[in-house]
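# A structural walkthrough
Chain by chain, the residues run as shown.
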Amino acid sequence: MCWCGWSQENRRYVAVRQAAAWCYRGGSISAEPRINDRIRVPEVRLVGPSGEQVGIVPLAKALELAQEYDLDLVEVAATARPPVCKLMDYGKFKYESAMKAREARKNQAHTVIKEMKLRPKIDPHDYDTKKGHVVRFLKQGDKVKITIMFRGREQSRPELGFRLLQRLASDVEELGFIESNPKQDGRNMIMVLGPHKKKTEAMAEAREAQAARKAERQGYAPDAEAAEEAPEAPAEAQPEASADTPSEA
């Protein structure tokens, strides 16, 4: 292709289009390492199944050793010269890697901000209910955004919302702290509470409590079932009075 008279921007655009078309036709580089017959080099630096250094060997010899050990020849460092390959069970390796990634995602903590809305003149029962939700969120390691909603003439009494937020923060101070002080935002007043415990700690405690409850149920269930299935003890047989035995006077 002749680039004469083409601006640099047009050249870049055509190059990107060509690269995209090449990837669409299946020419993209795979993230998976090359294994066995897919390795196309004359020689490799071979690492044994236990991590021992075998040295630089021809590719045919490395494939022969892989077949002898009933393992796969996996290219672990393609940019090295020569490339580094290791003898391993590639299927088992992929499975273990997937399990580790899954466990890492399971233990990963995501910051979540819960929201709770209140009115300045909230009923005591409703306040207790809302406070219970805030306590539950903080125990789970989540942040809580408290919003006081003003309506009508309530907007001229912002001190009502401020006192309510201070009261709530005082009631849950054992579980959380004021991360963002109360501030007016239009018709609302907002405060953010942060948990004392980290999300990972809360998740670990929840898993331990769940495991303890499960173990407790499994520990007591067999005894209860045994008590239900146990047959009743037969009553002691009373000797029948014989006709020959004289009765007491």
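Residues numbered from 1 in each chain as written. Predicted model: local features only at pLDDT ≥ 70, side-chain atom pairs only at ≥ 80, totals over all residues. Heavy atoms only, no water.

### What about the environment of Glu201?
Within the secondary structure, Glu201 is located in helix α6 (residues 199-229). The sequence separation of Glu201 and Lys139 amounts to 62 residues, and the corresponding C-alpha distance is 9.9 Å. (Helix = DSSP H or I, 4+ residues; strand = E, 2+ residues; numbered from the N terminus.)

### Brief notes about the side chain of Thr147
Take Thr147: it is sitting in strand β6 (residues 143-149). The class of Thr147 is buried, set by a relative accessible area of 3%. Non-local contacts of Thr147, meaning those with residues more than four positions away in its chain, are made with Glu115, Met116, Lys117, Leu118, Asn188, Met189 and Ile190. (Buried < 20%, exposed > 50% of the residue type's maximum accessible area, 1.4 Å probe, protein only. Contact = heavy atoms within 4.5 Å.)

### Some details on the sheet that holds strand β8 (residues 188-195)
Taken together, the four strands give an open sheet; going across it, the order is β5-β6-β8-β7, and neighbouring strands pair in mixed fashion. Of all the strands in the sheet, the pair left with one neighbour each is β5 (113-118) and β7 (176-185). In this sheet, neighbouring strand axes are inclined to one another by 20 degrees on average, regardless of whether the strands run parallel or antiparallel. Pairing between β6 and β8: six bridges, direction antiparallel. Within the sheet, the bridge partner assigned to Ile148 lies in β8 and is Met189. Against the sheet, helix α4 (residues 124-139) touches β5, β6, β7 and β8, its axis set at about 170 degrees to β5. (Pairing = 2+ DSSP bridges. Axes fitted to C-alpha atoms, helices over the stretch in contact; angles between N-to-C directions.)

### Remarks on the nonpolar core
The biggest cluster of nonpolar side chains holds 19 residues, and the ones touching the most others in it are Met116, Leu118, Val134, Val144, Ile146, Ile148 and Leu193. Going through the elements one at a time, β5, α4, β6, α5 (158-171) and β8 are the ones with two or more residues in this core. Dropping the residues within four chain positions of it, Ile148 is found in contact with Leu118, Arg119, Pro120, Gly161, Leu164, Leu165, Arg187, Asn188 and Met189. (Core = buried A, V, L, I, M, F, W, Y, C linked by side-chain atoms within 4.5 Å.)

### Remarks on the side chain of Glu75
Within the secondary structure layout, Glu75 lies in strand β3 (residues 72-77). Looking at Glu75, the relative accessible area reads 6%, which means it is buried. A polar atom in the side chain of Glu75 sits 2.8 Å from the side chain of Arg34. Apart from residues lying up to four places away in sequence, Glu75 is in contact with Pro33, Arg34, Ile39, Pro83, Val84 and Cys85. (Polar contact = N/O pair within 3.5 Å; in protein donor to acceptor, adjacent residues only side chain to side chain.)

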